[in-house]
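A closer look at the structure
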Amino acid sequence: MPKLYSGAEIVFKCLEDQKVSHLFGYPGGAVLPIYDELKNHPSIKHILVRHEQGAGHAAEGYARSTGKPGVVLVTSGPGATNVVTALTDAYMDSVPIVCISGQVPTHLIGTDAFQECDTTGITRPCTKHNWLVKKIEDLPKIMHDAFTVAISGRPGPVLVDIPKDIQFAKTVYKNFSNKVSKQNGKNHKSFSINEINKLIDLMSKSKKPVFYTGGGVVNSGPEASNLLRELVSMTGFPITSTLQGLGCFPGDDNQFLGMLGMHGTYEANNAMHDCDLMINIGARFDDRITGKIDEFSPKSKKVHIDIDPSSINKNIKVDLPIIGDVGEVMQSIIKTTKKNKPSFLKSNKQNIAKWWSQIDKWRAKKSLNFINSEKKIMPQHAVQRLYELTKKFDTYVTTEVGQHQMWAAQHYKFNKPNRWMTSGGLGTMGYGVPAAVGVQIAHPKKLVIDIAGEASVLMTMQEMSTAVQYNLPIKIFILNNEYMGMVRQWQELLHEKNYSESYSAALPDFVKLAEAYGCVGIRAKTPDELDEKILEMINVDKPVIFDCVVDQNENCFPMIPSGKPHNQMLLGPQDQKSKKISGEGKKLV
Amino acid sequence: MSKSAYSNPTKSGKLNTHIIVVWVDNEAGVLARVVGLFSGRGYNIESLAVAEVDSKRNISRITIVTTGTPEVIAQIKLQLKKLVPVHKVADFMRTDKMVIFKEMALIKVVGNNVKVNKAFIACKKFNPVILDKTKKSVVIQITALRREIDKLTKSLKSKGMVSVSRTGAVAMTRGSETFK
């Protein structure tokens, strides 16, 4: 007679077989059997968060910074609904998350039982797949399938809903972790050498090429970033990156044009607009990137390398789609070029010399410049100082969402992948604090900073308590301008300075708040004291809330104004006077 | 110029009617996944027919009639293929001569013999079968194309039709070929 295990035991056996080391969760009635079992599995450490959304974002931070799936454990009803924002965030940004939720016992499902909700129904549109376990015999396979689905192809979140009676019920356990399930013939490696040859041909003919890379390079693993570096230096082509792709290529390299898109650099956006060959590697032509679709890069041949077939031709029609893992595709490009086109490797830099001199002219605009002040701390200056003072460490940066996020993306230079965690697709304010918790759990000795805004940070501030409980020395660097800065900026530029509800007339004293949580609070008010205070923050081996009081009226530039193509950007304050935005069309927001 | 950071809608292309056939694992919630994908992404569903076709392998066949531009139809197919329980997706134009489309309808006519007979004659072209007959009523089964049934039921309204029940369209290719 084989040994029988309870559902709760099977959950942990699966997690062990999947080599899960950390679990972010919050207990409740419908998951108590699983929590009861926790003590018998010392290899799995549970991190108790303060809100289930925090568990989800912490798992995202963990996953993004390690490349491994993040695991979340929540109870039924409100536990599950609270995690929905994080699941949606992970779905938009392709982060592998396995969420296990408790459910009321099977005989009570559908009766509006206490803490019952239709978890699989609610999470169906925000997961790659989800399962309601109705029979204990199905549990081992479902658990392992969940991991397979989360990490295969384009990664994303999955959810397994386990009723309480199933957690008690017993069955035999079978390890499925080594059996790759067929996934109904879903194929992620369908590119052919023919497509690679076509791409190389396009590359050798191009006079104005540009690489446009995204989060797919991060998701493909660290080797993909190495291959990207090799490909870019081999071809001599300029490269720009989306928000999610930052770090795959060194931010301080001369071939790097900076981030592109709505708040991207002048040179990156103009290169995208004027190029004759655009090679998209693991990005998805998001609307913050393309601007006005009709006028998006009108003269270019477009190549799109992506693991997700549905990303091809979704927003922008491309000339050459290559479906596959971007790392494998880049490897094939490099190998084939070296073998078949050695002449191209000799001549390519000369071919595009003119293009580079044009790019240098755009660069000379120095679009990220701002007018610094001696009295007030300018937010860009604060990020620059933070970068200068932390660049010698292997620093991990998370952000919230808003102006500070864009300034961080513009002024903090990343040299490695998996060091930059930000909510891009969904734009979730409150992402940064719990994400920093997750990152610090995965990398206990590393410096982890959340570049935050004072409005965002208040949405998930409770997770400071988690940081204190587990001695996680995360640094919350708040650019405090007392406004929802990005909202205020849009209202200033687009809604006749009607600052409707974007000012926080009451804010906590962040230094005292830090002390109340048991962290260290630091405040910087003037540029003179900034460096010294940042160093103080870095040197404290405790969680820190840093209240950086910045200029309240600064806007984030450059900016592609509404309804404009890439080559009509708004630059800094001087440039703005000449290109005033006017007109109607509020309805689209 | 717009005050929005989103791009303005561009002119949409010509809408075509397509029949999408999806083979799925017959498991809980699979229809909700397919239908939810359509509603969530703003695609149309004109009609829907679903039933298990292979009880051994637990495969259901879902036939969806939808309209969209070529780009939208391409997206629908790619998005459907991403769903975990989906095995394969076929797509036919309604105008495709190599494909048979059929819908079934049950029509109840109430009236005397003369009226009922008239109604039956009106159905003649569409393989009518009488499933139930009383002195005052008849239930007729017909199989036809959607537009034909539309037309017929409109004309039968004045001929004593009191109720109509219709299925969604199902489709199959002509000849010996099957969709792989």
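1. A few points about the overall build of chain A
The helix and strand tally for chain A stands at 25 helices and 20 strands. Over its C-alpha trace chain A gives a radius of gyration of 25 Å, about what one expects of a compact globule, namely 25 Å for 589 residues. When its C-alpha atoms are laid out on the principal axes, chain A stretches across 75 × 60 × 45 Å. For chain A, contacts bridging at least 24 residues in sequence account for 78% of all contacts bridging at least 6.

2. Comments concerning the overall build of chain B
Helices and strands together make up the secondary structure of chain B, namely four helices and nine strands. When the helices and strands of chain B are listed from N to C terminus, the series reads β-α-β-β-α-β-β-α-β-β-α-β-β. In terms of its C-alpha atoms, chain B occupies a principal-axis envelope of roughly 65 × 55 × 35 Å. Of all 180 residues assigned to chain B, the portion counted as buried reaches 26%. Residue pairs at least 24 apart in sequence account for 71% of intrachain contacts in chain B once pairs closer than 6 positions are excluded.

3. Some remarks on the pairing of strand β6 (residues 129-133) of chain B
Residue and element names in this part refer to chain B. By the criterion of burial, β6 is predominantly exposed, with just zero of the five residues buried. Bridge count for β6 against strand β7 (residues 137-144) is four bridges, and the pairing is antiparallel. When the bridges of β7 are listed, Ile 130 appears paired with Ile 140. Counted along the chain from β6 to the antiparallel partner β7, the turn is three residues long.

4. Regarding the domain arrangement of chain A
How big an interface is tends to be reported as the loss of accessible area on association of its parts. All names here are of chain A. Domain boundaries assigned for chain A yield domain 1 (5-176), domain 2 (193-363) and domain 3 (379-549). Averaged C-alpha coordinates put domain 1 and domain 3 at centres separated by 29 Å. Every contact between the two is made by 25 residues of domain 1 and, on the other side, 26 residues of domain 3. Sorting the residues of the side of domain 1 that touches domain 3 by element identifies β2 (22-25), β3 (45-48), α3 (52-66) and α5 (84-92) as the ones contributing at least two each. Top element by residues in the side of domain 1 that touches domain 3 is α3. It accounts for 11 residues. Taken together, the residues of the side of domain 1 that touches domain 3 sort by class into eight nonpolar, 12 polar and five charged.

5. Structural notes on the nonpolar core
Residues Val 72, Leu 87, Ile 97, Ala 146, Leu 228, Ile 476 and Ile 478 of chain A are the most contacted members of the largest nonpolar core, which totals 187 residues. Beyond its immediate stretch of four places on either side in the chain, Ile 476 of chain A contacts Val 433, Asp 450, Ala 452, Val 457, Val 544, Ile 545 and Phe 546 of chain A. Counting 14 residues, the second largest nonpolar core, distinct from the first, contains Val 116, Phe 126, Val 138 and Met 161 of chain B.

6. Structural notes on the sheet that holds strand β18 (residues 475-480) of chain A
Residues and elements named next belong to chain A. Strands sit in the order β16-β15-β17-β18-β20-β19 across an open sheet of six strands; the sheet is parallel. Looking at the sheet topology across the chains shown, the edges are occupied by β16 (420-421) and β19 (520-524). Where β19 meets strand β20 (residues 544-549), five bridges bridge the pair, whose relative direction is parallel. If you follow Gly 521 over to β20, its bridge partner there is Ile 545. Against the sheet, helix α18 (residues 403-411) engages β15 (396-399), β17 (448-453) and β18, with an angle of about 135° to β17. In the packing of helix α19 (residues 432-442) onto the sheet, the strands contacted are β15, β16, β17 and β18, and the crossing angle to β17 comes to about 175°.

7. Details of unusual backbone geometry
In this structure, the amide linkage connecting Phe 557 of chain A to the following residue, Pro 558 of chain A, adopts the cis form with an omega of 0°. Mapped onto the fold, Pro 558 of chain A is located in the loop between β20 and α25 (573-578). Positioned with a positive phi, Asp 112 of chain A is a non-glycine residue whose angle comes to about 55°. Tracing the chain through its elements places Asp 112 of chain A in the loop between β5 (97-103) and α6 (119-123). Unlike most non-glycine residues, Asn 127 of chain B shows phi in positive territory, near 50°. Counting through the fold element by element, Asn 127 of chain B comes out in the loop between α3 (113-122) and β6.

8. Notes on the environment of Glu 374 of chain A
Locating Glu 374 of chain A in the fold gives a position in the loop between α16 (353-363) and α17 (379-390). C-alpha separation for the pair Glu 374 of chain A and Asp 89 of chain A, spaced 285 residues apart in sequence, amounts to 39 Å.

9. Topic: the domain arrangement of chain B
Residues and elements named next belong to chain B. Its domain assignment divides chain B into domain 1 (16-93) and domain 2 (99-172). Between the C-alpha centres of domain 1 and domain 2 the distance comes to 28 Å. Facing the eight residues of domain 1 at the interface are seven residues of domain 2. Of all the secondary structure elements, the ones that give two or more residues to the side of domain 1 that touches domain 2 are β1 (16-25), β2 (47-54) and β3 (59-68). Looking at the side of domain 1 that touches domain 2 element by element, the count peaks at three residues for β2. The residue inventory of the side of domain 1 that touches domain 2, partitioned by class, reads six nonpolar, two polar and no charged.

10. Details of the environment of Ala 58 of chain A
Residues and elements named next belong to chain A. Inspection of the secondary structure assignment puts Ala 58 in helix α3. A tally of 31 C-beta atoms within 10 Å means that Ala 58 is categorised as buried. Sequence separation between Ala 58 and Gly 438 is 380 residues; the distance between their C-alpha atoms is 4.0 Å. Residues in contact with Ala 58, not counting those within four places in the same chain, are Phe 24, Ile 47, Val 49, Pro 434, Ala 435, Val 437 and Gly 438.

11. Here we look at the packing of α3 of chain A against α5 of chain A
Residue and element names in this part refer to chain A. Where α3 meets α5, the closest approach of the two axes is 7 Å, and the angle between their N-to-C directions is 25°. With respect to α5, the element α3 is oriented roughly parallel. Contacts between α3 and α5 involve Gln 53, Gly 56, His 57 and Glu 60 from the former and Thr 85, Ala 86, Leu 87, Asp 89 and Ala 90 from the latter.

12. Quick look at the sheet that holds strand β6 (residues 129-132) of chain A
Residues and elements named next belong to chain A. Strand order across the open sheet formed by six strands is β3-β2-β4-β5-β7-β6, with parallel pairing between neighbours. At either margin of the open sheet sits one strand with a lone partner, and together these are β3 and β6. Across the sheet, the mean angle separating the axes of adjacent strands is 20° when strand polarity is ignored. In this fold α3 packs onto β2, β3, β4 (70-74) and β5, with an angle of close to 165° to the strand it touches most, β4. Where α5 meets the sheet, its contacts fall on β5 and β7 (157-163), and the angle it forms with β7 comes to roughly 145°.

13. Focus: helix α22 (residues 485-494) of chain A
For the α-helix, the turn length of 3.6 residues means that residues three or four positions removed from each other point alike. Within the span of α22 of chain A, buried status applies to Gly 485, Met 486, Arg 488, Gln 489 and Leu 494 of chain A. For α22 of chain A, the secondary structure elements touched by its buried residues are α18 and β17 of chain A.

14. Comments concerning the packing of α17 of chain A against α18 of chain A
Residues and elements named next belong to chain A. For the pair α17 and α18, the least separation of the axes is 9 Å and the interaxial angle reads 45°. As far as their axial angle goes, α18 and α17 are oblique. Taken as a pair, α17 and α18 cross one another with a handedness that is right-handed. Residues Pro 379, Gln 380, Val 383, Gln 384 and Tyr 387 of α17 lie in contact with α18, whose contacting residues are Gln 403, His 404, Trp 407, Ala 408 and His 411.

15. Examining the confidence of the model for chain B
For chain B, the average pLDDT comes to 92, and 97% of its residues sit at 70 or higher. This complex was scored by the predictor with a pTM of 0.94 and an ipTM of 0.90.

16. Here we look at the confidence of the model for chain A
Mean pLDDT over chain A: 94, with 96% of residues reaching 70 or higher. Segment residues 580-589 of chain A is flagged for pLDDT under 50; beyond a separation of four residues in sequence, or across chains, it makes 15 contacts in the model.

17. Considerations on the environment of Gly 110 of chain A
Mapped onto the secondary structure, Gly 110 of chain A falls in the loop between β5 and α6. Put simply, Gly 110 of chain A and Pro 417 of chain A are 307 residues apart on the chain and 45 Å apart in space, counted from C-alpha to C-alpha.

Calculation rules
- Residues numbered from 1 in each chain as written.
- Chains lettered and ligands numbered in written order.
- Predicted model: local features only at pLDDT ≥ 70, side-chain atom pairs only at ≥ 80, totals over all residues.
- Helix = DSSP H or I, 4+ residues; strand = E, 2+ residues; numbered from the N terminus.
- Rg over C-alpha atoms; globule rule 2.2 N^0.38 Å.
- Contact = placed C-beta atoms within 7 Å.
- Buried ≥ 20, exposed ≤ 12 C-beta atoms within 10 Å, placed from the backbone.
- Pairing = 2+ DSSP bridges.
- Domains from an automatic or database assignment.
- Nonpolar A, V, L, I, M, F, W, Y, C, P; charged D, E, K, R; others polar.
- Core = buried A, V, L, I, M, F, W, Y, C linked by C-beta atoms within 7 Å.
- Axes fitted to C-alpha atoms, helices over the stretch in contact; angles between N-to-C directions.
- Parallel < 35°, antiparallel > 145°, perpendicular 65-115°, else oblique.
- Left-handed = near helix turned anticlockwise from the far one by under 90°.
- pLDDT = per-residue confidence, 0-100.

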